[in-house]
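Analysis of the macromolecular model
Each chain, letter by letter, is given below.
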Amino acid sequence: MTLRVFISSATNQQAAAQKLPDPLRSWLIAQLVRSGSHLVYQESLIETGVNTLVKLSQEINKQDVVIHIVGEDPGRVPSDKIIDELLRCTGNSKVITMRFPELLQDAKHFRLTYTQWEAWLGKYYDRDVVCFYYCLKDSSSTQAANSESNANPLSTDEHLEMLKPYAGYATRCSTREELLTHIQENLLRRLNDKPSRVFSSRWTLAMLIGVLLLIGVAGVSIYQVWRSDRNKPQVDSTSLFAEQGAASDGARLKGVAEYDVRAQLQECVTPSLQRLGNLETDKLSDADLIRFVEVLLACQENSDRSSWLISDNERTTLARQTADPLTAARDSTNIFIRELANMFSDSPTALSTILKELSHE
């Protein structure tokens, strides 16, 4: 299993001025290439026309770990324009700074150097970031002359202090050999652990998918049983409407209009329909009666006899409900009552009046 490693370190300014590779980074790469890891660093990136910080962000997102090496010279600060473009490319201009509020204080994100950004981007993409403080004895910073920004770079100490909650303490090294040893040990440990971590994460994912599938199957089965029981006629059920008059009542009410809906209901065979027709308009409007008739006729056309059955206990419950008629109707075992709840979801008072009349035998 190959470990993908990004080597993050500030470029030596003297070497950069002469367009030469950074000596420390070049030496480390030459030693680490035998470790079996895939190494990526700033000079290895192919020029694509994308600004350097965005390109670094894209590349760090592909890696497993960021080896972050800092020294007394923090490196160069990108221009505000480059930083703004990076923030836009992450999907939201505030997404990085919202995740790391420390960077918002005094606009510190505009003082981060390229190298410091590499560490924060690693944590933004949830990569392991391992920090090393390499104390250069001959460090004479030429940062100001080479900076793209007028902002003073964030000091290495301040950068590491802010990064500590996310990446831990930096390991201090005084020689390049000591630095190499620490990096090699860290990479070897990660390389040995990675297969088991990958296997573990894949196994965990497979188990999670299996559990979700089982829950889904069980949920469908429970829902089907619930629907079956809900629509099943009860043993002590009686019909909401007189069976011998249901057909004639339905024929009478077809095509009824608001102006004669009360009169037509009063002429029905079913007592509950007569009671609805006799209600005063302040209790139930003509428009509400028309909506009731629409549900009644739809259920007559599309449902069987069981649509009208209701248990004695539910009759009592519907007759007494006052606080929440919508919930009472939606929880009903009777299809017709549930359809009324859908029709009168905007008028619970009218629904309550209808339910009380229907619940009388």
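The rules behind the values
- Residues numbered from 1 in each chain as written.
- Predicted model: local features only at pLDDT ≥ 70, side-chain atom pairs only at ≥ 80, totals over all residues.
- Heavy atoms only, no water.
- Helix = DSSP H or I, 4+ residues; strand = E, 2+ residues; numbered from the N terminus.
- Buried < 20%, exposed > 50% of the residue type's maximum accessible area, 1.4 Å probe, protein only.
- Contact = heavy atoms within 4.5 Å.
- Areas by Shrake-Rupley, 256 points an atom, 1.4 Å probe, with all protein chains shown as cover.
- Pairing = 2+ DSSP bridges.
- Axes fitted to C-alpha atoms, helices over the stretch in contact; angles between N-to-C directions.
- Phe/Tyr/Trp six-rings, centres within 6.5 Å; stacked < 30°, edge-to-face > 60°.
- Polar contact = N/O pair within 3.5 Å; in protein donor to acceptor, adjacent residues only side chain to side chain.
- Arc of directions from axis to C-beta.
- Left-handed = near helix turned anticlockwise from the far one by under 90°.
- Nonpolar A, V, L, I, M, F, W, Y, C, P; charged D, E, K, R; others polar.
- pLDDT = per-residue confidence, 0-100.
- Salt bridge = Lys/Arg side-chain N within 4 Å of Asp/Glu carboxyl O.

As a further point, take the overall build of the chain. Summing up its helical and strand segments, the chain has 17 helices and seven strands in all. Considering the chain as a whole, with its 361 residues, one finds that 43% of them fall into the buried category. Look at the contacts in the chain between residues 6 or more apart in sequence, and 77% of them connect residues 24 or more apart. Surface accessibility of the chain: about 19300 Å² in total, with carbon and sulfur atoms responsible for 52%.

Looking now at the sheet that holds strand 2 (residues 38-41). Across the sheet, which stays open at both edges, the five strands sit in the order 2-1-3-4-5 with parallel pairing between neighbours. Two strands close off the open sheet at either side, each with one partner strand: strand 2 and strand 5 (171-173). Taken over all neighbouring pairs, the strand axes of this sheet differ in orientation by 25° on average, direction set aside.

Each aromatic ring pair is characterised by the separation of its centres together with the angle its planes make. Inspection of the entire model under this criterion finds five aromatic pairs. Relative to Tyr166, the ring of Phe100 lies with its centre 5.0 Å away and its plane at 85°, an arrangement referred to as edge-to-face. Residue Phe100 is located in the loop between helix 5 (95-99) and helix 6 (114-124), and its partner Tyr166 is located in helix 8 (residues 156-167); the two are separated by 66 residues in the primary sequence. On the basis of an interplanar angle of 75° and a centroid distance of 5.9 Å, the ring pair of Phe292 and Phe336 is categorised as edge-to-face. Remark: Phe336 occurs in helix 16 (residues 335-343) and Phe292 occurs in helix 13 (residues 286-302); sequence separation between them is 44 residues. We note that Phe292, like Phe336, is buried.

Among the nine residues that make up helix 3 (residues 52-60), seven are buried, leaving the element largely enclosed by the rest of the structure. Looking only at helix 3, the buried set comprises Leu53, Val54, Lys55, Leu56, Ser57, Glu59 and Ile60. Taken together, the buried residues of helix 3 touch strand 1 (4-9), strand 2, strand 3 (65-70), helix 4 (80-89) and helix 6. For helix 3, the N-terminal cap is Asn51; the gap from its side-chain oxygen to the backbone nitrogen of Leu53 is 2.9 Å.

Its identity is not glycine, yet Asp106 carries a phi of approximately 55°, on the positive side. For Asp106, the location among the structural elements is in the loop between helix 5 and helix 6. By relative accessible area, Asp106 is classed as exposed at 67%. Positive phi, close to 55°, is recorded for Ala107, a residue that is not glycine. We classify Ala107 as partly exposed; its relative accessible area is 31%.

Those residues of helix 14 (residues 312-320) not exposed but buried are Glu314, Arg315 and Leu318. Taken end-on, helix 14 shows its buried residues confined to a sector of 105°, consistent with a single buried face. Across helix 14 from its buried face, at more than 90 degrees, point the exposed residues Asn313 and Arg320.

In this section: the packing of helix 3 against helix 6. Relative to each other, helix 3 and helix 6 sit at 35°, their axes nearing to 10 Å. Both helix 3 and helix 6 take part in a crossing whose hand is right-handed. Where helix 3 abuts helix 6, its residues Thr52, Leu53, Leu56, Ser57 and Ile60 lie against Tyr114, Trp117, Glu118, Leu121 and Gly122. Across the contact of helix 3 with helix 6, the residue classes tally to six nonpolar, three polar and one charged.

Overall, the predicted model of the chain reaches an average pLDDT of 80, with 77% of residues at or above 70. A low-confidence stretch, residues 196-201 stays under pLDDT 50, and its non-local contacts, those more than four residues away or across chains, total one contact. In this model residues 230-236 is a low-confidence stretch, pLDDT under 50, and it forms 17 contacts with partners more than four residues away in sequence or in other chains.

The element strand 4 (residues 128-134) is extensively covered by neighbouring structure, given that six of its seven residues are classed as buried. When strand 3 meets strand 4, the two strands line up parallel, connected through six bridges. Residue His68 lies in a different strand from strand 4, and its bridge partner there is Cys131. As defined by bridge partners, strand 4 adjoins strand 5 across three bridges and the pair is classed as parallel. From the neighbouring strand, Tyr134 faces strand 5, where its bridge partner is Cys173.

Inspection of the entire model under this criterion finds 11 salt bridges. Among the ionic pairs, Asp126 bridges to Arg99, the shortest N-O distance being 2.4 Å. Of this pair, Asp126 sits in the loop between helix 6 and strand 4 while Arg99 sits in helix 5, and the two are 27 residues apart along the sequence. Looking at Arg99, the relative accessible area reads 36%, which means it is partly exposed. Where Lys108 meets Glu158, a salt bridge forms, and the shortest distance between an N and an O atom there is 4.0 Å. With a gap of 50 residues between them, Lys108 in the loop between helix 5 and helix 6 and Glu158 in helix 8 connect regions that are remote in the sequence. Given a relative accessible area of 8%, Lys108 falls into the buried group. A network of salt bridges, in which partner residues are shared, links Arg4, Glu59 and Lys62.

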